[in-house]
Amino acid sequence: TGAQVGRPVDQNSEMVIVDSLTGNDVTMTERFNGKAVLMVYFATWCGACAQELPELQRQLNELGNPNAAVLGIAMEGDTAEQIAVFRENHGIEFDIWIDNAGNDRKLIDSGVEAFPTEFVIDREHIVVFNDPNAYAGEAFEALSKAAAKQ
C-alpha cells in the first residue's frame, strides 16, 4: 500500500540506518529535525536512478532553502563502496543512508516496488507526497512547498 499522504510518520520508532559517508548509525530525528525531507529509495545499479538523483541534487542546490533536505536510501545489497562511486560519478552531495536491515519500514510504510521511489515528509513529519510514478520535478515541488510552510 505504501505511505499514505496525510499520515504522520512514526516519530517513536527507532529508525537507525548507517550513513554511507561516516559509517555511523543515524536517525531521521537526529539528522533532519525541523526539515522537510524528500526521501528517494534507489539502487546503485538502477539506470533511472542515475538520472534522477543528480536532478534532485541540482534542484536542491537551486532551492537553497535550509529547511529542505534530500535523503537517498540505498536498498539492500548496495555497499558503502558502491555508493561512494555512485556519488562521485553523479555529483551527489546529499545524505545517502544504507538500509540493509529494513529499518526504514519502522518509520514509513514505504511500499517501494520500483526504483527510484520518492516520498516527501513535511516539517511536522506528515507524508505530503507519495507517487511511485512521479518524476523529480513533481516530488521536488512538494518538497519546496513543505519546506516553505511555517
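Look above for the structure.
Conventions we followed
Residues numbered from 1 in each chain as written. Predicted model: local features only at pLDDT ≥ 70, side-chain atom pairs only at ≥ 80, totals over all residues. Heavy atoms only, no water. Core = buried A, V, L, I, M, F, W, Y, C linked by side-chain atoms within 4.5 Å. Buried < 20%, exposed > 50% of the residue type's maximum accessible area, 1.4 Å probe, protein only. Helix = DSSP H or I, 4+ residues; strand = E, 2+ residues; numbered from the N terminus. Contact = heavy atoms within 4.5 Å. Phe/Tyr/Trp six-rings, centres within 6.5 Å; stacked < 30°, edge-to-face > 60°. Pairing = 2+ DSSP bridges. Right-handed = clockwise from strand over helix to strand, strands pointing away. Salt bridge = Lys/Arg side-chain N within 4 Å of Asp/Glu carboxyl O.

(A) Inspection of the nonpolar core at higher detail. Of all hydrophobic cores here, the largest spans 27 residues; its most connected members are Leu-38, Leu-53, Val-70, Phe-94 and Leu-143. Going through the elements one at a time, β3 (36–42), α2 (47–63), β4 (68–74), α3 (80–90), β5 (95–98) and α5 (136–148) are the ones with two or more residues in this core. Counting residues per element, this core draws most heavily on α5, which supplies six residues. Setting aside chain neighbours within four positions, we find Leu-143 in contact with Ala-36, Val-37, Leu-38, Ala-68, Ala-69, Val-70 and Val-120. One finds Phe-32, Ala-69, Leu-71 and Ile-121 within the second-largest nonpolar core, a separate group that totals 12 residues.

(B) Just the packing of aromatic side chains, in detail. Summed over the entire model, instances satisfying the criterion amount to four aromatic pairs. Summarising the aromatic geometry, the rings of Tyr-41 and Phe-119 are spaced 5.7 Å apart at their centres and angled 90° between planes, so their arrangement reads as edge-to-face. In this pair, Tyr-41 is assigned in strand β3 and Phe-119 in strand β6 (residues 117–121), connecting sequence segments 78 residues apart. This pair shows no difference in class: Tyr-41 is buried, exactly as Phe-119 is.

(C) Local environment of the pairing of β5. Side chains Asp-95 and Trp-97 project from β5 onto one buried face, and the interleaved Ile-96 and Ile-98 project onto a second face that is buried too. Examined bridge by bridge, β4 and β5 share four bridges and lie parallel to one another. Bridge pairing links Leu-71 to Asp-95 in β5. Taken together, β4, α3 and β5 form a β-α-β motif whose crossover is right-handed.

(D) Molecular detail of the pairing of β6. For β6, a buried count of five out of five residues is recorded, marking the element as mostly surrounded by other parts of the structure. With burial as the criterion, each face of β6 is covered, one bearing Thr-117, Phe-119 and Ile-121 and the other bearing Glu-118 and Val-120. Hairpin connection from β6 to strand β7 (residues 127–130): five residues lie between these consecutive antiparallel strands, with His-125 at a positive phi of about 70°.

(E) Structural detail: the pattern of salt bridges. Here the structure, examined in full by the defined rule, presents three salt bridges. Residue Arg-58 is joined to Glu-62 by a salt bridge in which the shortest nitrogen-to-oxygen separation is 2.5 Å. One end of the pair is Arg-58 and the other is Glu-62, both in helix α2 and four residues apart, which spans about a single turn. Lys-145 is the partner of Glu-141 in a salt bridge, and the nearest nitrogen-oxygen pair spans 3.3 Å. Note that Glu-141 and Lys-145 are positioned in helix α5 at a spacing of four residues, about one turn of the helix.

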